[in-house]
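The residues making up each chain are set out below.
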Amino acid sequence: MAPPETNSEFEALLDYLKHNRGCDLTGYKHSTLMRRFQHRMQSLKIESYNNYLQYLQRHPEEYRDLLNDVLINVTGFFRDHDAWTYLADEVIPKIIGSKEPDEPIRIWSAGCAAGHEIYSLLILLAEALGIENCLKRVQCYATDADEEAIQQARRATYKELELASIPPEWLQKYFHPTPQGYTFHPALQHTVIFAYHDLTQDAPISKLDLLMCRNVLIYFKPEIQARVLVRFHFGLKHTGFLFLGKTETLVHRRPIFTSFHHQHRIYTKASKLEISDYLSIAQKSSPQKALTPPTQEHDFWRTLFETNPAAQLAIDLNGWLIGANEQASHLFDLTPEDWNRPFQELVPGKILRSHISIQAFYRARSTVSLKHVEGVTAKGIKYFDITIAPVFNAQRQFLGVAITFADRSDYQQLTEKLSSTEAELDKLREAMHTTQMELEAAHQEMHLLDQDPTY
Ligand SMILES: C[S@@+](CC[C@H](N)C(=O)[O-])C[C@H]1O[C@@H](n2cnc3c(N)ncnc32)[C@H](O)[C@@H]1O
């Protein structure tokens, strides 16, 4: 059999799944995928990928079993016990301590499988906050690309064997026996929103205090891992924590996260994201290209963007802000939390909205210039010349728009001064004209008197 990366039969199989079943596995490590596919094929006594493709076409129900094998939803309560103890002792108190007493605490379990992970965390939070307080303050999101696993997580009912890692007092406090097994605390369950979410494709959940993504990244190719990490960086607050699986390491060309506890794979945010990071997730179709180290040309464009004296913003295809230079951030009071938010909700978006519909612009895709647009900004009322330009890559793919706000407030003030001076001049001219007329009339009168003293 040909080496994994050149196996065209295997590629054809992935292509079929992507285009006919909407299941894009191209971001997963091929070696792991092949092992999983072969496991399925052996159980069906099929020897070639080609024959397996035909089998899949004839037996649509096979897709479900294949996905179960490929997505590997092995999980457990308090998996890697020491890491959870550390989380309870060191991380959760820090999260709680960094907040006002009533402030919400936002958690995301990405790749949550059947829910063991998010319920483990809820137990720790309920222990730290008390159940009442936990119900008031904690907002959890638990997502997975496997619908069946999400259904299981929603049911929250587990076999006795699965609960072996839970101390008896917690088992009694947080689970109740049912004929189907043990069901997790119903009220606490309601703090969790479960949803389908594909980490390789979908936008992240935002303003997170803790993001758990354990034993998922390991299945992705390095370039996909790097892209997912950029999304995680977006999603986390400055003070937020990222919790990975025991054997996972961070793959990114720059250290966008810093290790908080290496052994337990707990991280905090490090450097700011750069434009190239934003582009790497905008250019879904060519991730490889986007993640190659920046070239001199790339550097040139980035520096140009950063040093542009005008405020400049980059908006992606979905209408979300994906970049703002220093000038724009300063002028519109944008914080990194605003990145990856709908542009229309932000101050520059609101200024623009009353003059042009972004949707109309997205349809037309040609440059638009607006003059003397008044806008209320963090720095008071300003006047702008605005240019909205479509951005295409070398293959003429539409990537989004670049919007430039050139501050013309000084010019506007000068123009206003000039027109008020001109108005004053006009008044003076008129007064002079009247005086001149009066003078002329007086002159005429004197002339008539000279000629005829009886006049
Ligand atoms: C090994 S389990 C890990 C479960 C849990 N996080 C833990 O550590 O116990 C991997 C999970 O990742 C999910 N997964 C795989 N690919 C995914 C993707 N592209 N987006 C979201 N979840 C994915 C699988 O469905 C599976 O539930």
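Note that the structure is predicted; figures quoted are calculated from it, not measured.

I would appreciate a short explanation of the overall build of the protein chain in the present structure.
Regarding its fold elements, the protein chain presents 18 helices and 15 strands. Computed over its C-alpha atoms, the radius of gyration of the protein chain comes to 32 Å, more than 25% above the 23 Å expected for a compact globule of 455 residues. In terms of its C-alpha atoms, the protein chain occupies a principal-axis envelope of roughly 135 × 55 × 40 Å. Intrachain contacts of the protein chain at a sequence separation of at least 6 include 62% that bridge at least 24 residues. As presented, the protein chain carries roughly 24,100 Å² of accessible surface, and 54% of it is formed by carbon and sulfur atoms. Separation between the mean location of the 47 positive side-chain charges and that of the 57 negative ones in the protein chain comes to 7 Å.

Help me understand the domain arrangement of the protein chain, please; the structure alone is not making it clear to me.
Note: interface size is frequently given as the accessible area lost on complex formation between the parts. Domain annotation for the protein chain reports domain 1 (4–71), domain 2 (81–269), domain 3 (298–407) and domain 4 (410–455). Once you take the C-alpha centre of each, domain 1 and domain 4 turn out to be 93 Å apart.

Can you walk me through the sheet that holds strand 3 (residues 157–158) in this structure?
The strands making up a sheet associate through backbone hydrogen bonding, with each pair oriented either parallel or antiparallel. Ordered in space as 3-5-4, the three strands form an open sheet in which the pairing is antiparallel. Only two strands of the sheet have a single partner each, and these edge strands are strand 3 and strand 4 (175–178). Here strand 3 pairs with strand 5 (residues 181–184) via two bridges, running antiparallel. The residue bridging Thr-157 from the neighbouring strand is Thr-183, located in strand 5. With respect to the sheet, helix 6 (residues 116–129) is in contact with strand 3, strand 4 and strand 5, its orientation differing from that of strand 5 by roughly 60°.

In this structure, what is going on with helix 1 (residues 8–21)? I would like to understand it.
Since the α-helix packs 3.6 residues into each turn, any two residues three or four apart lie on the same face. Between its first and last C-alpha, helix 1 extends 19 Å over 14 residues, near the 20 Å set by a 1.5 Å rise per residue. On its buried face, helix 1 is in contact with helix 2 (30–43), helix 3 (49–58) and helix 4 (62–71). The backbone nitrogen of Glu-9 has a side-chain oxygen 3.1 Å away, supplied by the residue at the start of helix 1, namely Asn-7. Downstream of helix 1 by one or two residues, Gly-22 has phi in the positive range, about 65°.

Is there a simple way to explain the packing of helix 5 (residues 81–97) against helix 6 in this structure?
Angle between the axes and distance between the axes are the two parameters that describe a pair of packed helices. Look at helix 5 against helix 6: their axes get within 10 Å of each other, and the N-to-C directions meet at 55°. Between helix 5 and helix 6, the interaxial angle falls into the category oblique. Note on packing geometry: the crossing formed by helix 5 with helix 6 is right-handed. Judged by residue contacts, Trp-84, Leu-87, Ala-88, Ile-92 and Ile-96 of helix 5 engage Glu-117, Ser-120, Leu-121, Leu-124, Leu-125, Ala-128 and Leu-129 from helix 6. A per-class count over the contact of helix 5 with helix 6 returns 10 nonpolar, one polar and one charged.

Would you explain the site of the ligand in this entry?
As a structural note, the neighbourhood of the ligand is formed by 22 residues, with Tyr-28, Thr-75, Asp-144, Asp-198 and Asn-215 the closest of them. Between the ligand and Arg-79, the relevant distance is 3.0 Å, taken from an oxygen atom to a side-chain nitrogen or oxygen of the residue. Between a nitrogen atom of the ligand and a main-chain N or O atom of Gly-111, the distance comes to 2.8 Å. Here the ligand loses 99% of its free accessible area of 600 Å² to cover by the protein chains. Here the residues of the shell around the ligand are counted per class, giving 10 nonpolar, six polar and six charged.

So what exactly am I meant to see when it comes to the side chain of Asp-209 here?
Along the chain, Asp-209 falls in strand 7 (residues 208–213). In this structure Asp-209 comes out as buried when scored by relative accessible area, which is 3%. Not counting chain neighbours up to four residues away, the residues in contact with Asp-209 comprise Ile-95, Lys-99, Pro-104, Ile-105, Arg-106, Leu-236, Lys-237, Gly-240 and Phe-241.

Would you mind going over the pattern of salt bridges with me for this structure?
Close approach of charged atoms lets side chains of opposite charge pair. If you walk through the whole model with that rule in mind, you get 14 salt bridges. Between Asp-80 and Arg-214 there is a salt bridge whose closest N-O contact spans 2.8 Å. Separated by 134 residues along the polypeptide, Asp-80 in the loop between helix 4 and helix 5 and Arg-214 in the loop between strand 7 and helix 11 (222–235) bring together distant segments of the chain. The shortest N-O distance in the salt bridge between Lys-382 and Asp-407 comes to 3.5 Å.

What's the story with unusual backbone geometry in this structure? I'm lost.
If a residue is not glycine, its phi is most likely negative; likewise, a peptide bond is most likely trans. Even without a glycine there, the phi angle at Ala-156 is positive, about 55°. Relative to the assigned elements, Ala-156 resides in the loop between helix 8 (147–155) and strand 3. A positive phi angle, near 50°, is found at His-372, a position not held by glycine. Its place among the elements puts His-372 in strand 13 (residues 368–377).

Before we go on, may I ask you to explain the pairing of strand 7 in this structure?
Two faces, one strand: in a regular strand the side chains alternate between the faces of the sheet. Strand 7 sits mainly inside the fold: six of its six residues count as buried. Relative to strand 7, strand 1 (residues 105–110) is paired through three bridges, and the arrangement is parallel. What sits directly across from Ile-107, in strand 7, is Leu-210. Across five bridges, the pairing between strand 7 and strand 8 (residues 236–244) is parallel.

Calculation notes
Residues numbered from 1 in each chain as written. Predicted model: local features only at pLDDT ≥ 70, side-chain atom pairs only at ≥ 80, totals over all residues. Heavy atoms only, no water. Helix = DSSP H or I, 4+ residues; strand = E, 2+ residues; numbered from the N terminus. Rg over C-alpha atoms; globule rule 2.2 N^0.38 Å. Contact = heavy atoms within 4.5 Å. Areas by Shrake-Rupley, 256 points an atom, 1.4 Å probe, with all protein chains shown as cover. Lys, Arg positive; Asp, Glu negative; His and termini not counted. Charge placed at Lys NZ, Arg CZ, Asp CG, Glu CD. Domains from an automatic or database assignment. Pairing = 2+ DSSP bridges. Axes fitted to C-alpha atoms, helices over the stretch in contact; angles between N-to-C directions. Expected span 1.5 Å × (residues − 1). Polar contact = N/O pair within 3.5 Å; in protein donor to acceptor, adjacent residues only side chain to side chain. Parallel < 35°, antiparallel > 145°, perpendicular 65-115°, else oblique. Left-handed = near helix turned anticlockwise from the far one by under 90°. Nonpolar A, V, L, I, M, F, W, Y, C, P; charged D, E, K, R; others polar. Near = heavy atom within 4 Å. Buried < 20%, exposed > 50% of the residue type's maximum accessible area, 1.4 Å probe, protein only. Salt bridge = Lys/Arg side-chain N within 4 Å of Asp/Glu carboxyl O.

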